[in-house]
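# Residue-level structural notes
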Amino acid sequence: MSITLSFIIACLTQISCKKMLSVPTPDTSISANNVYSNDATAISVLTGIYAQISSQRLTSGGVNSLSLLPSLSADELTLFGGSTNVTYGNYYINALNSSNLGYLDFWHTFYPYLFFANSAIEEISNSVSLSVPVKQQLLGEAKFVRAFCYYYLLSLYGDVPIVTGTDYTLNSVLPRSPKEQVLALVVSDLKEAQNLLSDTYLDATLLNPTTERVRPTKWVADALLARTYLLLKAYDSAEVQSTAIINNASLYSLDTLNGVFLKNSNEAIWQLQPVVTGWNSPDAQTLILPATGPDGYAWPAYLSNTLLNSFEPGDQRKADWIDSIAAGGITYYFPFKYKLNSLTSPVNEYEMVFRLGEQYLIRAESRLQQNNTSGSTSDLNIVRARAGLPNTTSSTKEDLMNSILHERQTELFTEWGSRWLDLKRTGSVDSVMNIISPQKGGIWTSTAQLYPIPLSEIQRDPNLTQNPGY
Amino acid sequence: MHFTDFNLRAFLGRGIHKTVVRAMKLTGILLIIALLHVSAAGLSQKVTLSLKDAPLEKVFDQIKQQTGLSFLWDEQVLTKTMPVTLDVKDAAVSDVLDACLKNQGLSYSIIQNMVVIKKSSPIIRQPMVSTPPVEVHGRVTDSLGNPLAGASVTIKGSKSGTSTDANGNFVLSNVKDNATMFISYTGYESRQIKVDGSSDVSVHLNKSNSPLDEVQVIAYGTTTQRLSTGDVTTIQSKVIEQQPVSNPILALEGRVPGLSIIQSTGLPGSGVTVRIQGQNSINNGNDPFYVIDGVPYTSQVLPALSGIQGNSGGVIGGVVNSTGGNPLNYINPSDIESITVLKDADATSIYGSRAANGAILITTKKGKGGRTNVEVNMQNGWGKVTRMLDVLNTPQYLQMRHEAIANDGQTTGPTDYDINGTWDTTSNTNWQKTLIGGTAHYATIDASISGGNARTQYLVGGTYHRETTVFPGDFADQKGSGHFSLNTTSDNQKLKFQLSANYLVDNNNIMSSDITFYAVSTAPDAPTLYNKDGSLNWAPTTSGTSTWTNPLSYLLQTYSIKTSNLISSAVISYEFLPGFKLLSNFGYTNLQSDEKIISPLTVNAPENRPFSQRVGVFGDNNINSWVVEPQLNYKGNIGLGKLEVLLGASVQQNNSEGQQLYGVGYNSDLVIGDIKSASTIIAGSSINSMYKYNALFGRLNYNWMDKYLIDITIRRDGSSRFGEQNQYHNFGAAGLGWIFSQEDFIRDNFRFLSFGKLRASYGTTGSDQIGDYQYLSLYSPVNNVSVAYQGITGLLPNGLPNPYLQWEETKKLQFGLEMGFLKDRITFILSYFQNHSSNQLLPYALPIIAGFSSITKNFPATVENSGLEFSLTTTNIKTANFNWITQFNLSILRNKLESFPNIENSSYSSALVIGQPITIQKVYHLLGVNDTTGIYQFAGTKGTPTYSPTYGTDNNIIINTSPEYYGGFQNDFVYGNIELDIFFQFVKQKGLNYFYGSLPGYHYTNQPIWVLNSWHQPGDHAAQQQYSSTYANIYQQYSDASRTSDGAYTDASYIRLKNISFNYRLPDKWVRKMNFQNCKIYIQGQNIFTITSYKGMDPETLSSTTLPPLKIWVIGLRFGL
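Residues numbered from 1 in each chain as written. Chains lettered and ligands numbered in written order. Predicted model: local features only at pLDDT ≥ 70, side-chain atom pairs only at ≥ 80, totals over all residues. Heavy atoms only, no water.

### Some thoughts on the overall build of chain A
Of regular secondary structure, chain A possesses 20 helices and seven strands. For a compact globule of 470 residues, the expected C-alpha radius of gyration is about 23 Å, and chain A comes in at 25 Å, within 12% of that figure. With respect to the principal axes defined by its C-alpha atoms, chain A has extents near 105 × 50 × 45 Å. Going through the 470 residues of chain A one by one, you find that 63% of them count as buried. Counting contacts in chain A only where the partners sit at least 6 residues apart, residues at least 24 apart contribute 70% of the total. Carbon and sulfur atoms make up 54% of the accessible area of chain A, which totals about 16,300 Å². Separation of charge centres in chain A, based on 31 positive and 41 negative side chains, amounts to 1 Å. (Helix = DSSP H or I, 4+ residues; strand = E, 2+ residues; numbered from the N terminus. Rg over C-alpha atoms; globule rule 2.2 N^0.38 Å. Buried < 20%, exposed > 50% of the residue type's maximum accessible area, 1.4 Å probe, protein only. Contact = heavy atoms within 4.5 Å. Areas by Shrake-Rupley, 256 points an atom, 1.4 Å probe, with all protein chains shown as cover. Lys, Arg positive; Asp, Glu negative; His and termini not counted. Charge placed at Lys NZ, Arg CZ, Asp CG, Glu CD.)

Shown next, in the form of structure tokens:
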């Protein structure tokens, strides 16, 4: 019996050793150590960020929703009366409620990407097994992604917490940093990115050049830096950045109106590759109305009369970039920059993030602010000519400034919240929205130019303060 | 089994009447052989008798007919006997004979197939007159003469006592000749015997009929209510059988104190939330631990493709797994012998880290020796929705819509199809009747065959069950199952082996979304469902726009789940030394489901079809697990008590795998089910996880003279869900019991008290109900990507890892008082429990600036669950012909967040309040509708009325939505061949009512009748605010009032006639003519009616947009061959 007992005891002690509890990582995931130990999986992380941004729809509250929600807040889109989405309604009438955003907010959109970028920066910097060119390019991409997120966060929310690490105990109690500090981080990240990033478009091995303009390059960092300098009113620096792109004529040139939004167009600086089979850009799916017109769910908005009326006679963009349908006795106009809202194979349109047209307008504005009227006029006229319009007749600086802003309105409508950000950047938001908001059924208050920080965030971070007015 | 020589000597020595002697002469040789080798197998045969005032001869005659046993008696012996009234079903012959003969001064012996009736032999033999004894020798046996080892023998009024050895023998010294011995044995009726100077005593004990002595299955063993030190409730198969449920856990609803069961929908295979003694974990799993025949079984299924079956309250990482139904749907109720619910630390601690939320043990049926038994049960039934909602008719609806548009200062628009003349405003359809008013059909047939002999028993059974839905269309859930059990024992009784397996195949064909919402909310003047040609009517405008979504189009998107479930177990044990047993159980389970959603083009409105695709979604999930549990068991007598020691180990592994595939781009509706026909195949989510679990455990149980009980359990276990530092933990519990009714002073002074026990237990259990791998930093492929970005798969972090995760711990304290009066005709159990769960595993909410909105971590918050459980059983009337038994149980529960350090600065500051239950809602105080504006007003800062209260500061009213108390009330009546059981269930709770429907006045949407009580013009004192047709104007007030105000949360208590069961046993002579053993017909009803003030469809689901549990009637026939 003692033999039996000792056998049992031996058995029992055997099974309680720690080895018995070790489980392999599941087939569905890879542990962090393994991810950053070789080039291919490390590249997958940054690629994953682009894929995730691209996979989201305009109506989902993802990054792409910048083409819908700020346009509703501004004067570009009209919300369909049958919309049942309270949050759309609140964006539309400039009366957001911090407790009722339904995750249609950009706070929840951008901060996870910042975590991805920050952890990539930490892990890539520490990794000893990545090859040098891959390490450099990925670090540049991660810095660019971080700058890209902060650019939109500060544009939409003003002061925001600066997160640069991955320790949740520190991050979860961060206060907001002044907008200037955030801008400084954007500029420094972009400058680093410019040094790190390739100046040719690369494929997913980061070794070979490609015609697909879907990964950030030095030029993409330039484009965002030009925008950022404009926001900082650092016009000379803005001009330098946009000039660098414009001068790279071998890569970039203005396309025909109907060619701009095609994949890998000459005008594209950065595009997102669609990642759902058969689908073209997410913009087309939501903004192009079907024959039955808008509805409460999938096609909630159409172009506003304000925007329609802002086109000069003869503007070819009104013909090429806008279309209409008549449904239920009403004619609805909708953006038709992207033209493919049905499934195609292969896919022909990519979602445009940065393009050359905008860089001309940035340089026109920068030059004007530096009193280079002729340079400014010439840049403006290049964009106008492509739209089939004659040269501008504006001659005074003020007139010319208005013309440039007007040109931005008609050139960049429903692209990444450009109009909403312009209204705020140029200080015309109150004067414009005091007229527009009541037309939409709202009452404009100046505090509505900053979106509210979601209430749950204020509750979870004791040091986070709300924007005024919410 | 051998008869004792005592019985033989008694038989011979007492002298037998001449007729018997003659009979003996005739069968002399046979009998002598029989005397040497007597078998009692015949006595375990089952008989069914129903006799009124019948002479004993008639009883013997009937037993003879049913069993083939013959009877021998001296006529004189029967002359002075009383006629007997008997009504038994499937009773053992021995029990019947005991009952008939006991009070007649008669006893019996059995010789081969012959039962010999004789005058009772006095228990005390051979009086010793000469000298007073100093030593008493004796033997304790059961009524068949089998020795009872370990029976306790005490001398009343003294401390001396002993217990019997393996042969039932005992020796007591220093016994006074006028002493009274008290002899007791678990499961048998105790007896008192005067020594009266005899030195050689033989006692036989009758089996106890008291429910206190019914066997209860507990963790790694069995006990009885009488001797248990834990809080354990067992529900036997009879209770399950009389309820037409396809998920066995539903048969427990309202019947077990401390157990709350909530069915999520009335669809076949629906989810069920099960909670034992409240909710311990703030934001992680609160499911009990399920064990089927010793094999752990999953408490949650993996996420399903469709949410239609509802959820089972499973929480992983703070997120409710909202889909998939309940895993117990895949267990056949008719295979179940008993379900035991373990609640306190004493009962559950041996399950260690998995039983913080209690444990539910399911034991399947096993074969019994004796004649081959065939049982057949057939039933057919019908189900209807329990309660419909009163909604507006067309004139009321139109009036509401017009008023809403006027209130908004608008005019009827081109898309207001419901009132602008597009739809026929004279039509008035009762959509609930049309869409959920159908009758679901139920059909079940099950059959089993069982038998064997004293050493080997078997049971094989099979069941087919089919149920349809109340929806239009051809939907059905079909289940087929097989059950098998084999027990065998070696010749020397040392080796025992048990094997059992349950296999069930379920083919559930339903639709992928519940159309109850549309039944409730479709406008009464909405178009007809079908065009004249029989196609679905989309009621298009002249320009081709559909004016509604035909609700039947949702039914075109079909959902099928094919599930197969295997649960198998084996136990092998060997008694290598007397009292020492080495055993091990082995278990394997495999739950496999294959799902398919077929979405043809026709689910879309015709004009949307160019933008739509045919979609086929395919999912398969598999959970398989194995467990091996070697154990060493000792049972023996130490001093005056019985000692049981158990040492064991457990090694377990669970593997979960699942994947989902989407097929799109089919060119025909007919081929969607074939993924190969899809032009594009997209991989959806995938699951792959492994969970390992090891433990060592021990239990020591000591029972001193059936009077003092002590039970100690310990367990050390480890789970792979935690980081290396924290994988192991120790758990333990102690339980004490004092059966004070065994004390002499109680026995002498309180004769009406037949049983009394005080018990207490304290111990710890744990919970590891979090997802796997939460301690690891893992990267997974990006979701919703079907074309790889630049041709490669993107990887992103899954979440924030926490390598320091450890157990959530629950400390349980319990006191119980159990009493039986008047020979246990009245029994009650009162338990008080207080459970403290600490080290809470929380998906600790983080601001998204940390990258993810939560991290799983242990938090030093403590939740207290306390309460009273009370159950009372009374036999109100017990006559030969009429029995009336009443059972009542009540559970009063209180949940409280005891501590939560620094809650003000945590993410839980808005959701939880210290001192309040963790299930609270913090809502606004609704002041009512402003008489002038017709808009809801709420109490704002300092109570001032406001239209727009501030969330976070003004939502100060605390509403607790968990039940305050619940219970059940059962009455069983047996009259002759008729048995009637009526069971009511009741719950006292608050819930979210459907007071406001969806926004009243919004287009195409019907409302509950009570919206008529709305504000119409200034000066109106109305309960509801003015109608509005748009979400823009006063929607926020509507939303606040209907979802986050105290006006929406009101009493949702209910009393439900949960079950009614009527059985009629066919008279024996008919049964015999049909060559049946027994036969009965029955009618059963479930959810028959509900008394409630709840505003909405169903107070159990607290929902008006999902199908409520159905009212079901079945009729059936059960017979045995």
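### Brief notes about the overall build of chain B
Tallying secondary structure elements over chain B gives 15 helices and 56 strands in all. Relative to its length of 1121 residues, chain B is compact, with a C-alpha radius of gyration of 34 Å against a globular reference of 32 Å. Seen along its three principal axes, the alpha-carbon backbone of chain B occupies a region of about 115 × 65 × 65 Å. Within chain B, the proportion of its 1121 residues that are buried is 58%. Restricting the contact set of chain B to residue pairs at least 6 apart, pairs at least 24 apart contribute 70%. Across chain B, 83 positive and 84 negative side-chain charges occur, with their mean positions spaced 9 Å apart.

### Structural notes on the sheet that holds strand β48 (residues 945–946) of chain B
All names here are of chain B. One open sheet accounts for three strands, arranged β46-β47-β48; its pairing is antiparallel. At either margin of the open sheet sits one strand with a lone partner, and together these are β46 (926–929) and β48. In this sheet, strand β47 (residues 936–939) lies alongside β46 in antiparallel orientation, the contact comprising three bridges. Residue pairing in the sheet places L926 in a bridge with F938 of β47. Contacting β46 and β47, helix α14 (residues 1035–1044) runs over the sheet at an angle of about 60° to β47. (Pairing = 2+ DSSP bridges. Axes fitted to C-alpha atoms, helices over the stretch in contact; angles between N-to-C directions.)

### Brief notes about the interface of chain B and chain A
Contacts between chain B and chain A engage 79 residues on the former and 83 residues on the latter. For the pair chain B and chain A, the summed buried surface comes to about 6,700 Å²; carbon and sulfur atoms form 68% of the total. For the interface between chain B and chain A, the tally reads zero salt bridges. Linking chain B with chain A are 15 residue pairs in polar contact (both at pLDDT 80 or more), by the criterion used here. With eleven residues, the top contributor of residues to the side of chain B that touches chain A is strand β33 (residues 680–704) of chain B. (Buried area = accessible area lost by both parts, 1.4 Å probe. Salt bridge = Lys/Arg side-chain N within 4 Å of Asp/Glu carboxyl O. Polar contact = N/O pair within 3.5 Å; in protein donor to acceptor, adjacent residues only side chain to side chain.)

### Notes on the packing of helix α7 (residues 132–157) of chain A against helix α9 (residues 179–196) of chain A
All names here are of chain A. In contact at an axis separation of 8 Å, α7 and α9 are set at 155° when each is read in the N-to-C sense. The pairing of α7 with α9 is recorded here as roughly antiparallel in orientation. At the point where α7 passes α9, the crossing takes the left-handed sense. Contacts from Q136, Q137, L139, G140, K143, F144, R146, A147, Y150, Y151 and L154 of α7 reach α9 at K179, V182, L183, L185, V186, D189, L190, E192, A193, N195 and L196. By residue class, the composition of the contact of α7 with α9 is 13 nonpolar, four polar and five charged. (Parallel < 35°, antiparallel > 145°, perpendicular 65-115°, else oblique. Left-handed = near helix turned anticlockwise from the far one by under 90°. Nonpolar A, V, L, I, M, F, W, Y, C, P; charged D, E, K, R; others polar.)

### Re helix α10 (residues 218–231) of chain A
An α-helical turn contains 3.6 residues, so a residue and the one three or four places further along point in the same direction. Residue and element names in this part refer to chain A. When the terminal C-alpha atoms of α10 are compared, their 20 Å separation across 14 residues agrees well with the 20 Å that a helix rising 1.5 Å per residue should span. A large share of α10 lies buried, amounting to 13 of its 14 residues. Two residues or fewer after α10 comes K233, characterised by a positive phi angle close to 60°. (Expected span 1.5 Å × (residues − 1).)

### What to know about the nonpolar core
All names here are of chain A. Ranked by size, the top nonpolar core spans 172 residues in total, and within it F144 and F148 carry the most contacts. Among the elements that take part in this core, α7 stands out by supplying 16 residues, more than any other. Residues in contact with F148, not counting those within four places in the same chain, are V63, F110, L224, W270, V353, F354 and W416. (Core = buried A, V, L, I, M, F, W, Y, C linked by side-chain atoms within 4.5 Å.)

### Let's talk about the pattern of salt bridges
Counted by the stated rule, this structure contains 50 salt bridges over all chains. Between E1100 of chain B and R1056 of chain B there is a salt bridge, and its shortest N-O distance comes to 2.9 Å. Taken as a pair, E1100 of chain B in the loop between β55 (1078–1092) and β56 (1110–1120) and R1056 of chain B in strand β54 (residues 1054–1065) lie far apart in primary sequence, 44 residues in all. As far as the burial class goes, E1100 of chain B and R1056 of chain B line up, both buried. If you follow the salt bridges from partner to partner, you end up with E267, E312, D315, R317, K337, R355, R384, R386, E407, E411 and E415 of chain A in one network.

### A look at the packing of aromatic side chains
Residue and element names in this part refer to chain B. This structure, assessed with the given rule, holds 66 aromatic pairs over all chains. An angle of 40° between the planes, with centres 5.6 Å apart, marks the rings of W423 and Y1004 as tilted. Of this pair, W423 sits in the loop between α9 (394–407) and α10 (431–436) while Y1004 sits in the loop between β52 (990–992) and α14, and the two are 581 residues apart along the sequence. For Y1004, a relative accessible area of 23% gives the class partly exposed. (Phe/Tyr/Trp six-rings, centres within 6.5 Å; stacked < 30°, edge-to-face > 60°.)

### Quick notes on the sheet that holds strand β8 (residues 161–163) of chain B
Residues and elements named next belong to chain B. Read across the open sheet, the four strands follow the order β8-β7-β10-β11; overall the sheet is antiparallel. Two strands lie at the open edges of the sheet, namely β8 and β11 (191–194), each paired on one side alone. Within this sheet the neighbouring strands show an average axis-to-axis angle of 20°, counted without direction. Where strand β7 (residues 152–155) lies against strand β10 (residues 180–184), four bridges are found, and the strand directions are antiparallel. Directly across from T154, in β10, lies its bridge partner F182.

### Side note on helix α6 (residues 107–126) of chain A
The end-to-end C-alpha separation of α6 of chain A is 29 Å, in line with the 28 Å expected for 20 residues at 1.5 Å each. The buried fraction of α6 of chain A amounts to 16 of the 20 residues, a majority that puts the element mostly inside the structure.

### Here we look at the packing of helix α3 (residues 39–55) of chain A against α7 of chain A
Packed helices, taken two at a time, are described by their axes: the angle between them and the distance between them. Residues and elements named next belong to chain A. Packing of α3 against α7 brings their axes to within 11 Å, and their N-to-C directions diverge by 20°. The orientation of α3 with respect to α7, classified from their angle, is roughly parallel. The chirality of how α3 crosses α7 is left-handed. On α7, the residues touching D39, A42, I43, L46, I49 and Y50 of α3 are V134, L138, E141, A142 and V145. The class makeup of the residues in the contact of α3 with α7 is nine nonpolar, no polar and two charged.

### A word on the side chain of S553 of chain B
Residues and elements named next belong to chain B. Within the secondary structure, S553 is located in helix α12 (residues 552–556). Separated by 2.6 Å, the side chain of S553 and the backbone oxygen of N550 make a polar contact. With residues up to four places along the chain from it excluded, the contact list for S553 reads L536, W538, T602 and V603.

### Let's talk about the confidence of the model for chain B
All names here are of chain B. Of the residues in chain B, 93% reach a pLDDT of 70 or more, and the chain-wide mean stands at 86. Confidence drops under pLDDT 50 across residues 1–40; counting only partners more than four residues distant or on other chains, this segment forms 44 contacts. Contacts for the low-pLDDT stretch residues 122–130, under 50 throughout, to residues beyond four places or in other chains number 14 contacts. The ipTM, which scores confidence in the relative placement of chains, is 0.92 for this predicted complex, and the corresponding pTM is 0.80. (pLDDT = per-residue confidence, 0-100.)

### Considerations on a nonpolar patch on the surface
Taken together, the side chains of W382, Y975, I978, F1062, I1083, W1113 and I1115 of chain B make up a nonpolar region of the molecular surface, amounting to roughly 640 Å² of accessible area. Tracing the backbone through its elements, the reader meets I1115 of chain B in strand β56. (Patch = residues over 30% accessible without salt bridge, like charges linked within 9 Å, V, L, I, M, F, W, Y side chains within 5 Å.)

### Structural notes on the environment of Y775 of chain B
Relative to the elements of secondary structure, Y775 of chain B occurs in the loop between β36 (753–767) and β37 (778–781). The spatial distance from the C-alpha of Y775 of chain B to the C-alpha of E724 of chain B is 9.1 Å, given a sequence separation of 51 residues. The contacts of Y775 of chain B, once residues within four sequence positions are left out, are V23 of chain A together with S720, R721, F722, G723, P801, N802, P803 and L805 of chain B.

### So, the environment of Y1002 of chain B
Inspection of the secondary structure assignment puts Y1002 of chain B in the loop between β52 and α14. Taking the C-alpha atoms as reference points, Y1002 of chain B and T946 of chain B, 56 residues apart in sequence, are found 24 Å from one another. With sequence-adjacent residues up to four places away left out, Y1002 of chain B is seen in contact with G82, S83 and T84 of chain A together with Y397, R401, S1028, S1029 and Y1031 of chain B.

### Observations concerning a positive patch on the surface
All names here are of chain B. Taken together, K58, K1069, R1072 and K1073 make up a surface patch of like positive charges. Per-element accounting of the positive patch gives the leading share, three residues, to helix α15 (residues 1068–1073). Topologically, K1073 is positioned in helix α15. With a relative accessible area of 72%, K1073 lands in the exposed category.

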